[in-house]
Amino acid sequence: MKVYKFGGASVKDAKGVKQVVNILKLTDKEPLVVVVSAMGKTTNALEQVVHSYLSKDPDCEAYISEIFGMHLSIARELFNKPSHGVFEAITQLRQGLSDFIRQNKATEHAFVYDQIVSYGELLSTTIVAHYCVDSGLNLRWQDVRQCIKTDATYREGVVDWPATQKAIKQTINHKGITLTQGFLGSETKHNFSTTLGREGSDYTAAIFAYCLNALSVTIWKDVPGVLSADPRFFKDTVLLEHISYSEAIELAFYGASVIHPKTLQPLQRKEIPLFVRPFNDPAASGTRVGPGPDLKPQVGCIIKKEQQVLIQLSALDFNFMMEDHIGDVFKWLHSFQMKVELIQNSAISFSVCVDNKYNRLPDLVTQLQQRFQVLVHPKVTLLTLRHASSKLIQSSTQGRDVLLRQESGNTLQLVLQGVD
């Protein structure tokens with residue numbers, strides 16, 4: 001058994017769906033589990049539906065119509081017959097979403113989010129599966145919610161590994177191709193849809209690989225493989241041919257966008273190699289993650305995060321920053337859903353760089369000001385450099401004010417004033 005994963009950028013249009021079939025035929029791998037994300041920016045569009053539904057926006061139905069219209073347009077490019085079964089399947093999904101919106105009484109954002117956003121993956125895999133079967137592939141569509149079981153932590157479902165392993169082994173056929181959804185699961189008690197966190201489709205592939213003792217996982221991306229830096233921000237990037245599990249986990253932990261942070265741990269436990277290969281050049285080898293040297297070639301790597309917030313704290317009474325102070329800070333950071341990217345403390349101060357992705361910063365600052373002197377630097381850039389030479393460090397920070405610097409082993413982190 002092998003596992004393939006195709007992201008939303010790969011299946012964003014009819015051309016992408018055709019390329020999925022092309023790759024499956026070229027590689028000719030069976031048995032195979034294929035994990036597919038929502039098409040293009042569908043998840044973002046469904047998030048708008050969630051917001052408009054909860055805020056009782058009269059345009060909610062228009063947003064839904066636009067999403068389903070886009071999928072119908074792609075289906076019409078792929079299937080010549082208006083009577084094709086895919087159109088009835090899309091209609092049934094539309095009815096399912098409409099029924100939820102009409103009947104739901106819950107107002108908890110995270111619960112509603114998971115029930116609505118899950119339709120993105122259900123739509124994409126319905127279209128891709130029908131096209132694969134029409135193209136002669138021995139393929140079966142599978143609802144991943146019957147396979148991956150989680151707790152009831154909506155938007156960040158925690159996998160129930162024993163229940164998931166049992167369900168996957170009972171459900172997945174070891175002959176032919178099984179096509180299923182990324183990002184989704186269902187909570188064990190009531191079977192409501194859950195999601196595994198943004199970009200969780202890579203994690204889905206790793207879950208299947210772990211439970212099936214797969215030979216490998218291949219993530220097909222719109223990049224040549226894992227690069228030493230994001231080519232949108234840096235010139236002269238280098239393709240990393242091989243990365244060790246531990247190095248890849250470090251890169252993912254600090255925010256490398258090619259591999260989801262949770263993906264690598266289950267693969268490392270069973271030493272299942274992960275390949276990141278280019279969607280538009282399936283013959284290329286891409287990047288292999290597995291046992292071996294940390295990096296090949298041995299080059300410096302840069303991870304850049306913009307629109308971060310640096311918060312610097314000191315005690316109101318000029319006292320030392322003791323454990324109880326820091327404990328309260330972490331409690332509030334968790335309470336206000338701040339993702340901590342970097343911390344640094346001294347005897348009289350505590351600094352933390354956070355990602356304010358849920359826009360709770362004003363509430364957090366109000367809370368902190370009751371106990372501390374608070375200095376906030378909004379819109380800063382966090383650079384994380386691994387194995388970096390002095391030349392690379394100098395070129396990365398040229399002309400920028402460094403607000404905070406922290407170095408440990410092969411990792412250097414810098415908080416820079418402003419964004420590009």
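Residues numbered from 1 in each chain as written. Predicted model: local features only at pLDDT ≥ 70, side-chain atom pairs only at ≥ 80, totals over all residues. Heavy atoms only, no water.

> I tried to follow a nonpolar patch on the surface on my own but got confused; where do I start?
The grouping of Phe 320, Met 322 and Ile 348 at the surface amounts to a nonpolar patch, some 300 Å² of accessible area in total. Counting through the fold element by element, Phe 320 comes out in the loop between strand E13 (301–315) and helix H11 (323–335). (Patch = residues over 30% accessible without salt bridge, like charges linked within 9 Å, V, L, I, M, F, W, Y side chains within 5 Å. Areas by Shrake-Rupley, 256 points an atom, 1.4 Å probe, with all protein chains shown as cover. Salt bridge = Lys/Arg side-chain N within 4 Å of Asp/Glu carboxyl O. Helix = DSSP H or I, 4+ residues; strand = E, 2+ residues; numbered from the N terminus.)

> Can you help me understand the packing of aromatic side chains in this one?
Between two aromatic rings, the relevant description is the distance of the centres plus the angle of the planes. Evaluation of the coordinates by the stated rule reveals 11 aromatic pairs. Between Phe 79 and Tyr 131 the ring centres are 6.0 Å apart and the planes differ by 75°, which places this aromatic pair in the edge-to-face class. On the criterion of sequence distance, the pair formed by Phe 79 in the loop between helix H3 (60–78) and helix H4 (85–103) and Tyr 131 in helix H6 (residues 119–134) is long-range, its members being 52 residues apart. An identical accessibility class is assigned to Phe 79 and Tyr 131; each is buried. On the basis of an interplanar angle of 85° and a centroid distance of 5.1 Å, the ring pair of Phe 111 and Phe 192 is categorised as edge-to-face. One end of the pair, Phe 111, is in helix H5 (residues 109–117); the other, Phe 192, is in the loop between strand E6 (184–187) and strand E7 (193–195), and 81 residues separate them in sequence. (Phe/Tyr/Trp six-rings, centres within 6.5 Å; stacked < 30°, edge-to-face > 60°. Buried < 20%, exposed > 50% of the residue type's maximum accessible area, 1.4 Å probe, protein only.)

> Explain the packing of helix H1 (residues 14–27) against H6 here, please?
The angle between the axes and the distance between the axes are what describe a pair of packed helices. Axis separation between H1 and H6 bottoms out at 10 Å; the angle between their running directions is 50°. Here H6 runs oblique to H1, going by the angle between their axes. Viewed along their axes, H1 and H6 form a crossing whose handedness is right-handed. Counted together, Val 17, Lys 18, Val 20, Val 21 and Leu 24 of H1 and Val 128, Tyr 131 and Cys 132 of H6 form the full contact between these two elements. By residue class, the composition of the contact of H1 with H6 is seven nonpolar, no polar and one charged. (Axes fitted to C-alpha atoms, helices over the stretch in contact; angles between N-to-C directions. Parallel < 35°, antiparallel > 145°, perpendicular 65-115°, else oblique. Left-handed = near helix turned anticlockwise from the far one by under 90°. Contact = heavy atoms within 4.5 Å. Nonpolar A, V, L, I, M, F, W, Y, C, P; charged D, E, K, R; others polar.)

> Even after reading the chapter, I still don't get the packing of H3 against H6, so can you show me in this structure?
Interhelical geometry of H3 versus H6 gives an angle of 10° and a closest axis separation of 11 Å. Regarding the angle of H3 to H6, the classification is roughly parallel. Along its contact with H3, which presents Ile 67, Phe 68, His 71 and Leu 78, the element H6 presents Leu 123, Ile 127 and Tyr 131. Looking at the contact of H3 with H6 residue by residue, the class counts come to six nonpolar, one polar and no charged.

> What exactly am I supposed to notice about the environment of Gln 369 here?
Mapped onto the fold, Gln 369 is located in the loop between helix H12 (361–368) and strand E16 (372–386). Residue Gln 369 is classed as partly exposed on the basis of its relative accessible area of 47%. Sequence separation between Gln 369 and Ala 315 is 54 residues; the distance between their C-alpha atoms is 9.9 Å. When sequence neighbours within four positions are dropped, the list of residues in contact with Gln 369 reads Leu 316 and Val 374.

> Looking at this structure, how should I read the sheet that holds strand E8 (residues 216–221)?
Within a sheet, each strand pairs with its neighbour through backbone hydrogen bonds, oriented either parallel or antiparallel. Spatially, the nine strands line up as an open sheet ordered E3-E5-E2-E1-E8-E10-E11-E9-E12, and their pairing is mixed. In the strand order of this sheet, the two ends are held by strand E3 (139–141) and strand E12 (295–296), each with one partner. (Pairing = 2+ DSSP bridges.)

> Which parts of the structure should I look at to understand H3?
One turn of an α-helix holds 3.6 residues; hence residues three or four places apart share an orientation. With 19 residues, H3 extends 28 Å between its outermost C-alpha atoms, agreeing within 8% with the 27 Å of an ideal straight helix rising 1.5 Å per residue. Here H3 has its buried residues at Cys 60, Ile 64, Ile 67, Phe 68, His 71, Ile 74, Ala 75 and Leu 78. Down the axis of H3, the buried side of the element spans an arc of 110°, and every buried residue falls inside it. Exposed residues on H3 whose side chains face more than 90 degrees from its buried face are Glu 66, Arg 76 and Glu 77. Residues of H3 that are buried in the fold lie against H1, helix H2 (42–54), H4 and H6. (Expected span 1.5 Å × (residues − 1). Arc of directions from axis to C-beta.)

> Please clarify how unusual backbone geometry should be interpreted in this entry.
Peptide bonds are, in most cases, trans, and in most cases residues other than glycine have a negative phi. With an omega of -5°, the peptide bond between Glu 30 and Pro 31 qualifies as cis. Of note, Pro 31 is situated in the loop between H1 and strand E2 (32–36). Of note, the bond from Lys 296 into Pro 297 is cis; its omega dihedral lies within 30 degrees of zero at 0°. Counting through the fold element by element, Pro 297 comes out in the loop between E12 and E13. With phi around 80°, Phe 183 is a residue other than glycine that occupies positive phi space. Looking at Phe 183, the relative accessible area reads 4%, which means it is buried. We note that Asp 236 has phi near 55°; this positive angle belongs to a residue other than glycine.

> So what exactly am I meant to see when it comes to the pairing of E13 here?
Buried residues dominate E13, accounting for 11 of its 15 residues. Here E13 pairs with E16 via 12 bridges, running antiparallel. What sits directly across from Ile 303, in E16, is Thr 384. Across six bridges, the pairing between E13 and strand E15 (residues 349–355) is antiparallel. Of the residues in E15, the one forming a bridge with Leu 310 is Cys 353.

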